[in-house]
Amino acid sequence: MTSQSTTAAPPVTLEEYAALPQHPRYELVKGVLVQQMVASEEHEHTGSLVVIRVGNHVLMNSLGRVYLSNRGYVTGPNSPATSRMPDVSFVSNERLDQPELAGMLYNGAPDLAVEILSDSNTPAEIAQKIAEYLNAGGKAVWVIDIDARTLTVHTPNAPPLTLTDADTITGADYLPGFTCPLADLLPAIASSTNDA
């Protein structure tokens, strides 16, 4: 018997990744396409709440632009390439003129990346994303756990800060002037209307 040698598929390039249709949604991790799971209604609603609150503040103060998913950020070396799509992102005016890669991908991390946890996320995957965003020039990463009703703020050279829905989130230096009760970024808790 002879053994067969198999060769792995060549890494997907940024140009190939940028040419993919928007649906289904993929991230590019070290040259490998990773399909993203369809978000739950609660996940999408939370993302919308964050976009409304952060987006209004950014618009009113002319701070930059806010994006709701489907915006690719190149967070790793180009060979093989990594591009992430946070659920919500903010890019300041100072960094908006960054040239795009492959015609649509932002070269680096956003000032603020927001990841909303899903059942399919593993702790290792989220830790890797946080490290990539911060190492690629991001100023902050918010990780929202809808079930626990918490938001954990990750910034360079500081321990993570976990807030509950009784706390208020501020934008510090990465989102100047922003302040919002965390409860306003989370879906309202459904109250039981069943009568005994």
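See above for the structure.
Note that this is a predicted model, so its numbers are computed, not measured.

Thresholds applied
Residues numbered from 1 in each chain as written. Predicted model: local features only at pLDDT ≥ 70, side-chain atom pairs only at ≥ 80, totals over all residues. Heavy atoms only, no water. Pairing = 2+ DSSP bridges. Helix = DSSP H or I, 4+ residues; strand = E, 2+ residues; numbered from the N terminus. Axes fitted to C-alpha atoms, helices over the stretch in contact; angles between N-to-C directions. 1 Å grid on protein atoms, 1.4 Å probe; cavity = no way out; pocket = protein on both sides within 12 Å on 5 of 7 lines; lining within 4 Å. Points joined across faces, edges and corners; volume = space filled by probe spheres on them. Nonpolar A, V, L, I, M, F, W, Y, C, P; charged D, E, K, R; others polar. Expected span 1.5 Å × (residues − 1). Contact = heavy atoms within 4.5 Å. Buried < 20%, exposed > 50% of the residue type's maximum accessible area, 1.4 Å probe, protein only. Polar contact = N/O pair within 3.5 Å; in protein donor to acceptor, adjacent residues only side chain to side chain. Core = buried A, V, L, I, M, F, W, Y, C linked by side-chain atoms within 4.5 Å. Patch = residues over 30% accessible without salt bridge, like charges linked within 9 Å, V, L, I, M, F, W, Y side chains within 5 Å. Areas by Shrake-Rupley, 256 points an atom, 1.4 Å probe, with all protein chains shown as cover. Salt bridge = Lys/Arg side-chain N within 4 Å of Asp/Glu carboxyl O. Lys, Arg positive; Asp, Glu negative; His and termini not counted. Charge placed at Lys NZ, Arg CZ, Asp CG, Glu CD.

Visitor: Looking at this structure, I do not really get the sheet that holds strand S11 (residues 150-154). What am I missing?
Guide: What holds strands together in a sheet is hydrogen bonding between their backbones, with the strands either parallel or antiparallel. With mixed pairing, the 6 strands of this open sheet are ordered in space as S3-S6-S9-S10-S11-S12. Here the strands that pair on one side only, and so sit at the sheet edges, are strand S3 (64-68) and strand S12 (161-164). Sheet twist, expressed as the average angle between the axes of neighbouring strands with direction ignored, equals 15°. Across 5 bridges, strand S10 (residues 140-145) lies against S11 in antiparallel orientation. For tryptophan 142, the partnering residue across the bridge sits in S11 and is valine 153.

Visitor: I'm lost on the pairing of strand S1 (residues 26-29) in this one. Help?
Guide: Every regular strand shows the same layout, with side chains that alternate between the two sheet faces. Here S1 runs beside strand S2 (residues 32-35); their pairing, made up of 4 bridges, is antiparallel. Paired with leucine 28 across the strands is leucine 33, a residue of S2. Counting the residues that bridge the hairpin from S1 to S2 gives 2 residues, and of these lysine 30 lies at a positive phi of roughly 50°.

Visitor: Teacher, can you tell me more about the layout of surface pockets here?
Guide: A probe as big as a water molecule, rolled over the atoms, marks out the empty space that is left. Roughly 530 Å³ of internal volume is contained in the largest pocket. Around the largest pocket, the lining comprises 28 residues; the ones closest to its centre are Leu117, Ser118, Asp119, Ser120 and Asn121. Secondary structure elements with two or more residues in the lining of the largest pocket: S1, S2, helix H2 (41-60), strand S9 (112-116) and helix H3 (123-135). Sort the elements by how many residues they give to the lining of the largest pocket and H3 lands first, with 3 residues. Partitioned by chemical class, the residues of the lining of the largest pocket number 9 nonpolar, 8 polar and 11 charged.

Visitor: Sorry if this is basic, but what is going on with H2 here?
Guide: Note on helix geometry: an α-helix contains 3.6 residues per turn, so any two residues three or four positions apart are oriented the same way. If you check H2, its first and last C-alpha atoms are 28 Å apart, about what 20 residues at 1.5 Å a residue would give, namely 28 Å. Turning to H2, the residues buried within the fold contact S3, strand S6 (88-92), S9 and S10.

Visitor: So what exactly am I meant to see when it comes to the environment of asparagine 56 here?
Guide: Note on placement: asparagine 56 falls in helix H2. On the accessibility criterion, asparagine 56 (45% relative accessible area) is partly exposed. Remark: the alpha-carbon pair of asparagine 56 and valine 66, spanning 10 residues in sequence, is separated by 9.3 Å.

Visitor: Help me understand the side chain of serine 83 in this model?
Guide: By the element assignment, serine 83 lies in strand S5 (residues 83-84). Of note is the side chain of serine 83, whose polar atom sits 3.4 Å from the backbone oxygen of tyrosine 73. Non-local contacts of serine 83, meaning those with residues more than four positions away in its chain, are made with Tyr17, Glu27, Leu28, Gly72, Tyr73, Val74 and Leu105.

Visitor: Would you take a moment to explain the nonpolar core for this structure?
Guide: Nonpolar side chains tend to gather and get buried jointly when the protein is soluble and globular. Within the largest apolar cluster, 24 residues are counted, with the highest numbers of intra-cluster contacts made by Trp142, Ile169 and Leu175. Mapped onto this core, the elements with two or more residues apiece are H2, S6, S9, S10 and S11. Tyr17, Val74, Ala81 and Leu105 belong to the second largest nonpolar core, which has 9 residues in total.

Visitor: Whenever I open this one, a negative patch on the surface confuses me. Can you help?
Guide: Taken together, the side chains of Glu41, Glu42, Glu44, Asp119 and Asp147 present a region of like negative charge at the surface. Following the sequence through the fold, aspartate 147 ends up in the loop between S10 and S11.

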